[in-house]
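For reference, the chains in residue letters:
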Amino acid sequence: MNSKKLAVTAAAVVAMTAAFAGAANAQSRDQIRAVGSSTVFPFTTAVAEAFGKGGKFKTPVVESTGTGGGLKLFCAGVGPQHPDVANASRRIKKSEVEQCAANGVAQITELKVGFDGIALAYSKQAPHTDLTTQILWKALAKDVPVDGKMVANPYKKWSDIDPKLPNKEIEVLGPPPTSGTRDTFNELVMLEGCKKVAEVKAAVADEKAREKACMTIREDGGYVEAGENDNLIVQKLTANPDAFGVFGYSFYDQNRDKLQTAKMDGVELSPEAVQAGKYELSRPLYIYIKNAHAGVIPGIREFIAEYTSERAMGEDGYLGDKGLISMPKAERDAARTSATNLTPLQL
């Protein structure tokens, strides 16, 4: 055997030994660990609790870290020190898949679990207000067009944008940049609302520069980053009837006694409007499974079976009670088959 073949063989043996050692080491953890989106957190927690009650496996540990933070942890490597599942309120990015691959996380299974609508919620003590993406963009953009030029946002009150709106200070409590909800808000509100303001295109000719300007949120107090804790936003809205909050439908649904939502471009946030594609600020929700951990960390396949069961994510499933908006049956069936087979994600 020549030296080149010997080197290749030796490298293969080392790699196989490391893989087997990693698998044996991974068996030292007997509990599934999930991280990620605060929006998906209550759904995965509910599945984890139902799964744990089965008695065969320990209840999985679920942490709310935000979508971006969760995927960073998930993609950091293979082995018991790394999580098995990532919750995400947006689809995984190509750059994150590449980061996973660079760290040895070669195969990932994507499970779309249902839909969500982003709520613009506020206290029931406040008068009802309807909004549009265009108004929201003008309220929250760092720079807006005035006399043909982009200038620092001069709007301090909602009535500065439109006299029909409340004569109240603009204050919107929302998620930080690590949140999938923030990513979705940037795309569906900031970018889409900006496109409806014709003066922006005239003021910023370059498309990339214009997109960046559209999605840059003001930092002068009009938008307040409230962390990944959506329950905290709910508490703050209850205490301050003049403020609006940005979070997923489920948190609004669980707090209907305290909060109301603004219609967006004339459409009320409801499961029916989201399912029909009529509510503009709607999005799919996901979990991602690390294929290398299946069969090593106990219960991963069984956890997937619980998550994709009709009793969980079906039309009348217990996740609906938590605020998840279900997918049509054909879509649920396809998602179940793909996840059960651990079909690797192809972007």
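A quick note: this is a predicted structure, and the numbers were derived from the prediction, not measured.

## Remarks on the packing of aromatic side chains
Piece 1. The tally for this structure, following the rule as stated, stands at 8 aromatic pairs.
Piece 2. Plain terms: the ring middles of Y122 and F244 are 4.9 Å apart, the flat faces sit at 50 degrees to each other, and that makes the pair tilted. Of this pair, Y122 sits in strand β4 (residues 108-123) while F244 is found in strand β9 (residues 244-248), placing the two residues 122 residues apart along the sequence.
Piece 3. Judged by relative accessible area, Y122 falls into the buried class, the value being 1%.
Piece 4. The exposure class assigned to F244 is buried, which follows from its relative accessible area of 5%.
Piece 5. Following the ring pairs from residue to residue traces out a cluster consisting of F51, F57, F303 and Y307.

## Overview of helix α10 (residues 230-239)
Piece 1. Within α10 the residues assigned to the buried category are D230, I233, V234 and L237. Projected down its long axis, α10 carries its buried residues within an arc of 100 degrees, all on one side. The outward face of α10, more than 90 degrees from its buried face, is lined by the exposed residues Q235 and A239.
Piece 2. Against β4, β7 (172-174), β9, α11 (249-253) and β10 (259-261) lie the buried residues of α10.

## Section: helix α16 (residues 329-340)
Since the α-helix packs 3.6 residues into each turn, any two residues three or four apart lie on the same face.
Piece 1. End to end, α16 covers 16 Å across 12 residues, agreeing with the expected 16 Å (1.5 Å per residue, within 8%).
Piece 2. Every buried residue of α16 is listed here: R332, A335 and A339. Projected down its long axis, α16 carries its buried residues within an arc of 65 degrees, all on one side.
Piece 3. Looking at the packing, one finds that the buried side of α16 touches β4, α13 (300-307) and α14 (310-313).
Piece 4. L342 lies just past α16 and shows a positive phi near 50 degrees.

## Regarding the packing of helix α2 (residues 41-53) against α13
The geometry of a pair of packed helices is captured by two quantities: the angle between their axes and the separation between those axes.
Piece 1. It is the contact of α2 with α13, at a shortest axis distance of 10 Å, that shows an interaxial angle of 115 degrees. As for how α2 packs across α13, the hand of that crossing is right-handed. Taken together, the residues of α13 that come into contact with α2 (itself represented by F43, T44, V47, A48, A50 and F51) are E302, F303, E306 and Y307.
Piece 2. Partitioned by chemical class, the residues of the contact of α2 with α13 number 7 nonpolar, 1 polar and 2 charged.

## Looking at the state of the cysteines
Piece 1. This structure, assessed with the given rule, holds 2 disulfides.
Piece 2. Linked covalently through their sulfurs, C75 and C100 form a disulfide whose S-S length is 2.0 Å. When the S-S torsion is -70 degrees, as for the bridge of C75 with C100, the disulfide is left-handed. Highlighted residues: C75 in the loop between α3 (67-74) and β3 (85-88) and C100 in helix α4 (residues 94-102), separated in sequence by 25 residues.

## A few points about the pattern of salt bridges
Piece 1. Throughout the structure, instances matching the rule amount to 24 salt bridges.
Piece 2. The partner of K168 in a salt bridge is D242, with the nearest N and O atoms 3.2 Å apart. With K168 in the loop between α6 (158-161) and β7 and D242 in the loop between α10 and β9, this residue pair connects regions lying 74 residues apart in the sequence.
Piece 3. Looking at D242, the relative accessible area reads 34%, which means it is partly exposed.
Piece 4. Across the pair E306 and R311 runs a salt bridge, and its minimum N-O distance is 2.6 Å.
Piece 5. Through salt bridges with shared partners, one network takes in E310, E315, K329, R332, D333 and R336.

## Describing the nonpolar core
Piece 1. Membership of the largest hydrophobic core comes to 82 residues, with the highest contact counts inside it found for L131, W137, L140, W158, F247, Y307 and L319.
Piece 2. Counting residues per element, this core draws most heavily on β4, which supplies 8 residues.
Piece 3. For this core, the domains that each give at least three residues are domain 1 (31-114 + 283-339) and domain 2 (116-280).
Piece 4. Discounting residues that sit within four places of it in the chain, Y307 has contacts with V40, F43, T44, V47, L111, V113, I287, A312, M313 and L319.
Piece 5. F74, A88, C100 and Y288 belong to the second-largest nonpolar core, a separate cluster that totals 12 residues.

## Some points on the side chain of N87
Piece 1. Here N87 shows up in strand β3.
Piece 2. Under the relative-accessibility criterion, N87 is labelled buried at 0%.
Piece 3. Engagement of the side chain of N87 in a polar contact is seen with the side chain of T44, the distance being 2.8 Å.
Piece 4. Filtering out sequence-adjacent residues up to four positions away, N87 remains in contact with A34, V35, G36, S37, V40, F41, T44, V62, T67, Y286 and I287.

## Thoughts on the domain arrangement of the protein
Piece 1. If you check the domain split of the protein, you get domain 1 (31-114 + 283-339) and domain 2 (116-280).
Piece 2. For domain 1 versus domain 2, the distance between C-alpha centres works out to 28 Å.
Piece 3. Contact with domain 1, which involves 21 residues of that partner, is made by 20 residues of domain 2.
Piece 4. Between domain 1 and domain 2 the total buried area reaches about 1500 Å² when both faces are included, carbon and sulfur atoms providing 46% of it.
Piece 5. Ranking the residues of domain 1 by area buried against domain 2 places S38, R283 and I325 at the top, with a combined share of 45%.
Piece 6. We note a salt bridge from D183 to R90, for which the minimum N-O separation is 2.6 Å.
Piece 7. Where domain 1 touches domain 2, the interface holds 10 residue pairs in polar contact (both at pLDDT 80 or more).
Piece 8. Of all the secondary-structure elements, those providing two or more residues to the side of domain 1 that touches domain 2 are α2, α3 and β11 (282-290).

Cut-off values and rules
Residues numbered from 1 in each chain as written. Predicted model: local features only at pLDDT ≥ 70, side-chain atom pairs only at ≥ 80, totals over all residues. Heavy atoms only, no water. Phe/Tyr/Trp six-rings, centres within 6.5 Å; stacked < 30°, edge-to-face > 60°. Helix = DSSP H or I, 4+ residues; strand = E, 2+ residues; numbered from the N terminus. Buried < 20%, exposed > 50% of the residue type's maximum accessible area, 1.4 Å probe, protein only. Arc of directions from axis to C-beta. Contact = heavy atoms within 4.5 Å. Expected span 1.5 Å × (residues − 1). Axes fitted to C-alpha atoms, helices over the stretch in contact; angles between N-to-C directions. Left-handed = near helix turned anticlockwise from the far one by under 90°. Nonpolar A, V, L, I, M, F, W, Y, C, P; charged D, E, K, R; others polar. Disulfide = S-S within 2.5 Å. Salt bridge = Lys/Arg side-chain N within 4 Å of Asp/Glu carboxyl O. Core = buried A, V, L, I, M, F, W, Y, C linked by side-chain atoms within 4.5 Å. Domains from an automatic or database assignment. Polar contact = N/O pair within 3.5 Å; in protein donor to acceptor, adjacent residues only side chain to side chain. Buried area = accessible area lost by both parts, 1.4 Å probe.

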